[in-house]
Each structure stands twice: as structure tokens, then as C-alpha cells.
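Residue-level structure breakdown
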Amino acid sequence: MHMLSSKIRVPGARAAVTLAVGLAVSSPLWAQGGTGRVSPTTAAKSPAAAVRWRIVSSEAAQAWFALLADLRLAGVGAFAFTSGGAAPGAAERELSRALAGSREWEILHFLPLYYPSADRLALGDALRVAASDEAPVPRATLLVGALRQVLSPTSRRAYLPTLADALGAVRPTPPGAARTAAWQAMLDSSYLPALAPWLVAERLDEGRLIVAPALGAEGRLFAGTADRKDNLAAVGSFASDSVTDAPLLAFTRESCFPAVSRAAREAGLRVGDPTAARRASLAAVRCGAALLDRRLPERAGAYRRFWLARLAEADNAVSIPAESDSGALRDAFARAFPPDPALSGALERAIGRLPPTP
């Protein structure tokens, strides 16, 4: 998901945070860029070894995103927020209808990123505390403070305990250790060395990446403002896709959201506007293609094909050219993801300052 601006400041929290997620710029909290940004030219001098992202397993995050998939909780953006889950029963359908009635519930798409150290039990406990007037445990301060800031007391009391109970009943199936190790190897050997100048420039030097099968094409990015090593991202696994590095293609797009958020603010896009959310979501896809063209061109074609496939899932009119026809692929991608006049200039300038791949 992507949020267009407003930092959340919670007393006692480790820092104000920015949220930019692969969802689309839509939640009540839209991402804001941090201060002290490093220029791409300077970042290019930093060794690639200084950039480190780890693919981690989070049982709480896997369960939470699976719950949202079961509830079919939607959001505003160009792509699906979840991959779809088990067929909902009567209780799930009733809860889903209640949550769909107000956009304040879009914050639910980010909950595990507010409390990354939580296991499933701790995450459920934090939801119950947020529904009450109790003081949270220190590590849950950010999550509880965010929920209390965004949700009305009536909404919190009515639904957060129910969600906590439902969380305990979910049985997710996370990716296996072998797949996770393969993704990490590709990330370390190919993506991070190539994207290092961009990641450092965007204050994404280090972070943890969660690959959750329950997520749709709209991922999540939690970018800390004070600590350039305190970042979290979550993307889907895309098991049906033919490429083995599909989550890393999704992660490439996520890395564009801080830049997209800056461009959106400069263009005066209105926070919370569904149209602005879709525009930002699509601009991030185009940004990722340009980024790979400049820094990792051998994966740029796969990236274009991957995002055309995601668009085709929602629009049967989208066709994907044969793999051997690179020119047709570029043309199809350009038609599906045309430049946004208000956003493309800033993004092109940011990527243009990166050194091309050797």
C-alpha cells in the first residue's frame, strides 16, 4: 500500500515513520520522505556491500495477511491488496462488510510492519490493548498509537478484539526454506549489488523483506525516517508466475515508493484521493522498469512481463507479447503504464542521476 504523506508520531516510539507500500497511495497515512537524503551521485560511491536486505519469516505477518485475504479486505490502488483466501463463512462475510464500510480500516494492511518483533499472540494482544484504555507494552507502542490515532474509539472497541480472535484461528502456509534461500541468493548476488546506489539514495540501506503468499501485487513498505537501516517491506510470492524471482521484481517496485511519494507531494496530489492512489501505484511500476533498465537490464524484460501479467489479472483486455519479441513487450508496457505528466519528470531525474550499469 502506499501512503501519500503524513508521518505518524507516537510518544515513546523509536521514530516517526513513513509508510510507502506496494499497495497504492491510499491509506490515511501517506509516505513522506525523510530528511538528510543522500544524493544518488554520492550514493553511487558507497560499496554495494553496505546495502543489506534479509528475507525473513514472520509467523505473525503471514497469519495477519492471510486473515486479510480471507476477509477480502480491499484497498484503493491499481492492483489487488491480497491474493484471495479461503472461502469466507457467514461470520467472516459480516466482518468483511463492516470493515469495507470505511476507509479508516486501510491501516489494517500495515499492522505487522508497525510491530515487527511480535509473534501472533503478541500481535493479537496489541489489538485488544488498542481497543481499550490500557497502556501497551513498549514494543507495541507504535502499533497501538497508530490504531488509536486512525480509528475511532467506537470502531476499535467493536472490531479489534474480533480481529484478534480471528487472527488466532488462521493457518497460513508460508514459503518453504528452500524457496526463501533461493530468493535470498538472487537478492544478494544480483539485485542488491545493482540497486545499491538507488537504495542508499532512498535511505533504504538495510531492511527485512517478508514474502507472504496472501499478499497481492500491492506490497507494503515501511520506511523509517530516522534510521536508514530500519526498513521493512512485504510482497507476495506469486507462485503461479513462471519466473523464479517474482518477489524480487515486486520488491524493485516497492523501492520506488519513497521517490513516488516525493513526486506526488511536489505535484500537489491530494492525500487520500483514490485517483491519486492509482496514479502513484502505476507510476511506481514504471519507475521500477526504468530503474532496472539503468541498473539491471537483464531483468528489465522479465519485470515488464511480470507487471503486465498483474494488470491482466484484473483486465482481460491486457495482452502480453511473446517472450522473444522485446520490442512488442516494451510497446505493450508503455501502453499499459504510460508516463504520468505530473510524476514522470521527477522520477526520471532521480533515476537519471544514477550511474548506469558497468
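Residues numbered from 1 in each chain as written. Predicted model: local features only at pLDDT ≥ 70, side-chain atom pairs only at ≥ 80, totals over all residues. Heavy atoms only, no water.

**Some thoughts on the packing of aromatic side chains**
To keep things clear, this is the line we draw: Note on ring pairs: Phe, Tyr and Trp rings are taken, using the six-membered ring of Trp, and paired if centres are within 6.5 Å. Classes follow the plane angle, with under 30 degrees stacked, over 60 edge-to-face and the rest tilted. Comment: elements are numbered from the N terminus, with helices defined as DSSP H or I runs of at least four residues and strands as E runs of at least two. Note on classification: 1.4 Å probe, protein chains only; a residue is buried when its accessible area is under 20% of the maximum for its type, exposed when over 50%, partly exposed between these limits. Placement of a positive charge over a ring is assigned whenever Lys NZ or Arg CZ falls within 6 Å of the ring centre and within 35 degrees of the normal to the ring plane.
Considering all chains together, one arrives at 9 aromatic pairs under this definition. Arranged with centres 5.7 Å apart and planes meeting at 85 degrees, the rings of W105 and Y159 form a pair that is edge-to-face. Taken together, the residues span a long stretch of sequence, with W105 in the loop between α3 (90-99) and α4 (111-114) and Y159 in helix α7 (residues 153-169) at a distance of 54 residues. A relative accessible area of 3% places W105 in the buried class. Members of the aromatic cluster, connected to one another through ring pairs, are F79, F238, Y303, F306, W307, F333 and F337. Positioned above the aromatic ring of F306, the side-chain terminus of R310 is 4.4 Å from the ring centre.

**Side note on the pairing of strand β4 (residues 220-224)**
Our working rule: Each pair of strands is called paired provided DSSP finds at least two bridges between the two strands.
Within β4, 5 of the 5 residues are buried, leaving the element largely enclosed by the surrounding structure. Side chains R220, F222 and G224 project from β4 onto one buried face, and the interleaved L221 and A223 project onto a second face that is buried too. In this structure, β4 lies alongside strand β5 (residues 231-235), joined through 4 bridges in antiparallel fashion. Residue R220 lies in a different strand from β5, and its bridge partner there is A234.

Nothing here speaks to function; it is all geometry.
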